[in-house]
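Observations on the model geometry
As a plain string of letters, each chain reads:
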Amino acid sequence: MTNRLVAGILCAGWMAAAVPLYAQDAARKDLVLRGDAQCTRCHDAEDNPAVLAIGKTRHGTTADGRTPSCVNCHGASETHINKPADAKERPGPERTFSKKSTTPVAARNQACLTCHQGGNRIHWQSSTHASRDLACSSCHQIHTAHDKARNKQTQTEVCFQCHKEQRAQVNRPSHHPVMEGKMSCSSCHNVHGDNPKQLVRASVNETCFSCHTEKRGPFVHNHQPVQEDCSICHNPHGTTAANLLKSRPPFLCQQCHSHTSHPSQASGLPTGRTTSNSLSGSVARGCLNCHTNIHGSNSTQNSATVGRFRR
Ligand code: HEC
Ligand code: HEC
Ligand code: HEC
Ligand code: HEC
Ligand code: HEC
Ligand code: HEC
Ligand code: HEC
Ligand code: HEC
Ligand code: HEC
Ligand code: HEC
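These remarks concern the structure in this document. (Residues numbered from 1 in each chain as written. Chains lettered and ligands numbered in written order. Predicted model: local features only at pLDDT ≥ 70, side-chain atom pairs only at ≥ 80, totals over all residues. Heavy atoms only, no water.)

Moving on to the pattern of salt bridges. This model, assessed by the stated rule, comprises four salt bridges. A salt bridge links Glu157 to Lys148; its shortest N-O distance comes to 3.2 Å. Residue classification places Lys148 among the partly exposed residues on the basis of a relative accessible area of 36%. For Glu214, the salt bridge is made with Lys215, and the minimal N-O distance between the two is 2.9 Å. (Salt bridge = Lys/Arg side-chain N within 4 Å of Asp/Glu carboxyl O. Buried < 20%, exposed > 50% of the residue type's maximum accessible area, 1.4 Å probe, protein only.)

If you want it as structure tokens, here you go:
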């Protein structure tokens, strides 16, 4: 802040006599980014928060000609650098990104998209997050060596600021290993994209198949809801029932299958509500004991003994 103080005095007191500030800049060295001297003569190592930490991020790879300087993000900011004589207070830079920023969100994001519109962000403008006025900097920290959003171990903290329901879900007994740090929200979501539910693939099933390839089939006998949408039976974030199931069998199954229609002629099968080994009995509960291949089966026969997802 020392430099800034000096600069302040220069502006306030010696306005007329002062050597033009840009002339002084020429003699100054850049500290972390190419061409940053015009800013870092005031925003130096004493700045709090530590602005210069940007030098430790990918944006600080000055050998890479594509990396930005301060003005690429904050704008040329002429009047901020050289406070006009008639201004009471130093005008702010052209673009700011903090929570209290008055720069319109779209203008803030445009500064980033100038370089980052490609790849995962090709459809940013039609994403749910864009339509809800999120800024890139709602998730990304630019002036810290460790951007929490980019690290599997810390990414959830960023999301949970706004998504409390998913926080509760991923802590339920059955869950994907997200809190264990083996997966992250972005294993399934491209939060910059416009796929349904901002998924990494065009549908729920395609997203699941990217890891659970064996569930894709093709199967000789398909189970209709499996083909339709895995999330009919599974909650991908977490559940109390095992296997990420929204409810336990037989209840899960009986949302669609009336147990009374279960063939009663085959011995050992549950028969009806009133019989001793009916719905509430152990046999009925174990729909999966018999229908073991619930996601689809490849049996070429379709008889009482081998068909119906039983092999
Ligand atoms: C002559 C000194 C000086 C120069 C040069 C200067 N700044 Fe500043 N800047 C200040 C002062 C003073 C403040 C306000 C006090 C503070 O926030 O610490 C400030 C605040 C800021 C803020 C915070 C604004 C806010 O509302 O959150 C940003 C961002 C900023 N400057 C960026 C830049 C950039 C980028 C450059 C170069 C293009 C630059 N500054 C050049 C003195 C300077
Ligand atoms: C890649 C874009 C980008 C570049 C390059 C960049 N900034 Fe920033 N700056 C931001 C964002 C975004 C914020 C909001 C806080 C954050 O995300 O860390 C910010 C915040 C600031 C702040 C306010 C800190 C606060 O939170 O009060 C200052 C001052 C600042 N930048 C100065 C600079 C200076 C000086 C440079 C050049 C050395 C620079 N910035 C380069 C994007 C950038
Ligand atoms: C002048 C071009 C430019 C601007 C403007 C710019 N970036 Fe970058 N950014 C880069 C380059 C180059 C890289 C490093 C190469 C890469 O990862 O593609 C990078 C890397 C990143 C990364 C990846 C960091 C990593 O660890 O891999 C993130 C996140 C990022 N930028 C976010 C932003 C955000 C948010 C803004 C706006 C506040 C912004 N960038 C503005 C050029 C830019
Ligand atoms: C809702 C939070 C969120 C918002 C908003 C967001 N990002 Fe990201 N971004 C992430 C996460 C999480 C990752 C890590 C993804 C991964 O590692 O696969 C990421 C990764 C990146 C990367 C590096 C990897 C890549 O995809 O190329 C860049 C660059 C980037 N974001 C730029 C941006 C820009 C520019 C914006 C604004 C237009 C933005 N982000 C808005 C959360 C966000
Ligand atoms: C600043 C708040 C904020 C942060 C941080 C945030 N989100 Fe969101 N997100 C929203 C809002 C607002 C919506 C719109 C729906 C809603 O109200 O829940 C949304 C919607 C979503 C959706 C549903 C998209 C759709 O099309 O229905 C997904 C998925 C999502 N966010 C994932 C994430 C992930 C993953 C992260 C962390 C990398 C994250 N979000 C960080 C605010 C946020
Ligand atoms: C294994 C894949 C997977 C992971 C990991 C994952 N999600 Fe999702 N998420 C989905 C699917 C599939 C949907 C859409 C179906 C649904 O809502 O059940 C979804 C939906 C959402 C929605 C929208 C919910 C709604 O009701 O519209 C939000 C918000 C969300 N996820 C946030 C997150 C956050 C935050 C994380 C990290 C803690 C995360 N997700 C991790 C697969 C995943
Ligand atoms: C990025 C890879 C990945 C994606 C995408 C993915 N999963 Fe998983 N899934 C895993 C891993 C890893 C496990 C844990 C395996 C283990 O613990 O042995 C798992 C476990 C499961 C389990 C068993 C959970 C338990 O309690 O044993 C179910 C069910 C499941 N996934 C369903 C889905 C569904 C539905 C989707 C799509 C919405 C999906 N997965 C997407 C990687 C993934
Ligand atoms: C009709 C309900 C239903 C649908 C729809 C469904 N599942 Fe399952 N899933 C189950 C049941 C029931 C189990 C427990 C199986 C068991 O205990 O043998 C299970 C278990 C799993 C498991 C963990 C055990 C294993 O077999 O590896 C994974 C992974 C899985 N399902 C992925 C998926 C995927 C991917 C989809 C979408 C393509 C999907 N499920 C659709 C009912 C369903
Ligand atoms: C969302 C609704 C839904 C759920 C939940 C569901 N199913 Fe199905 N199931 C169907 C539909 C639709 C068919 C196809 C009916 C037809 O072809 O007549 C089917 C067919 C079947 C068949 C017969 C296949 C054949 O060859 O006729 C069996 C066996 C079956 N389901 C078992 C189960 C079991 C066990 C569960 C629980 C783990 C379950 N289903 C959950 C909708 C569902
Ligand atoms: C003891 C083994 C067993 C158990 C337990 C069992 N099933 Fe079955 N299920 C069968 C057999 C065998 C068939 C084939 C009967 C046939 O084709 O005549 C069948 C057929 C079906 C069919 C196809 C009906 C039709 O009309 O074609 C459905 C649906 C079904 N079972 C659902 C369930 C559900 C839901 C449960 C749990 C409440 C369950 N089953 C428990 C063995 C069992």
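Moving on from the model shown.
With that settled, consider the site of ligand 4. Taken together, 18 residues form the shell around ligand 4, and within it Asn120, Cys136, Cys139, His140 and His192 come nearest. Taking Arg121, its side chain carries an N or O atom lying 3.1 Å from an oxygen atom of ligand 4. Separating a nitrogen atom of ligand 4 from a side-chain N or O atom of His140 is a distance of 2.7 Å. Looking at the shell around ligand 4, the elements with two or more residues in it are helix 6 (105–116) and helix 8 (136–139). (Near = heavy atom within 4 Å. Polar contact = N/O pair within 3.5 Å; in protein donor to acceptor, adjacent residues only side chain to side chain. Helix = DSSP H or I, 4+ residues; strand = E, 2+ residues; numbered from the N terminus.)

Okay, the environment of Gly60 next. Residue placement: Gly60 occurs in the loop between helix 3 (37–40) and helix 4 (70–74). When the C-alpha positions of Gly60 and Val32 are compared, they lie 6.5 Å apart, and in sequence the two are 28 residues distant. In this view, Gly60 contacts Val32, Leu33, Ile54 and Gly55; residues no more than four positions away in its chain are not counted. (Contact = heavy atoms within 4.5 Å.)

Moving on to the coordination of the iron atom of ligand 6. With distances of 2.0 Å, the protein atoms coordinating the iron atom of ligand 6 are His189 (NE2) and His237 (NE2). Around the iron atom of ligand 6, the six donor atoms are arranged such that angles at the metal cover 88 to 180°; this shape is classified as octahedral. Of the two residues, His189 is situated in the loop between helix 10 (164–170) and helix 11 (204–209) and His237 in the loop between helix 12 (224–228) and helix 13 (251–254); the sequence distance between them amounts to 48 residues. (Donors = N, O, S within 2.8 Å, 3.2 Å for Na, K, Ca; no water. Tetrahedral: all angles 85-135°; square planar, octahedral: opposite > 155°, others 65-115°.)

With that settled, the discussion passes to the coordination of the iron atom of ligand 4. Coordination sphere of the iron atom of ligand 4, protein contribution only: His140 (NE2) and His192 (NE2), at 2.0 Å. Taken together, the six donor atoms coordinating the iron atom of ligand 4 span angles of 85 to 179° at the metal, a pattern that classifies the geometry as octahedral. Here His192 lies in the loop between helix 10 and helix 11 and His140 lies in the loop between helix 8 and helix 9 (155–160), a separation of 52 residues in the sequence. Using a relative accessible area of 25% as the deciding quantity, one classes His140 as partly exposed.

The omega torsion of the bond from Asn48 to Pro49 falls at 0°, within 30 degrees of zero and hence cis. Considering the arrangement of structural elements, one finds Pro49 in the loop between helix 3 and helix 4. Positive phi, normally seen in glycine, also occurs at Asp133, with a value near 65°. Structurally, Asp133 can be placed in the loop between helix 7 (128–131) and helix 8. A relative accessible area of 55% means that Asp133 is categorised as exposed. Residue Lys197 is not a glycine yet carries a positive backbone phi of 55°. Following the sequence through the fold, Lys197 ends up in the loop between helix 10 and helix 11. Judged by its relative accessible area of 71%, Lys197 is exposed.

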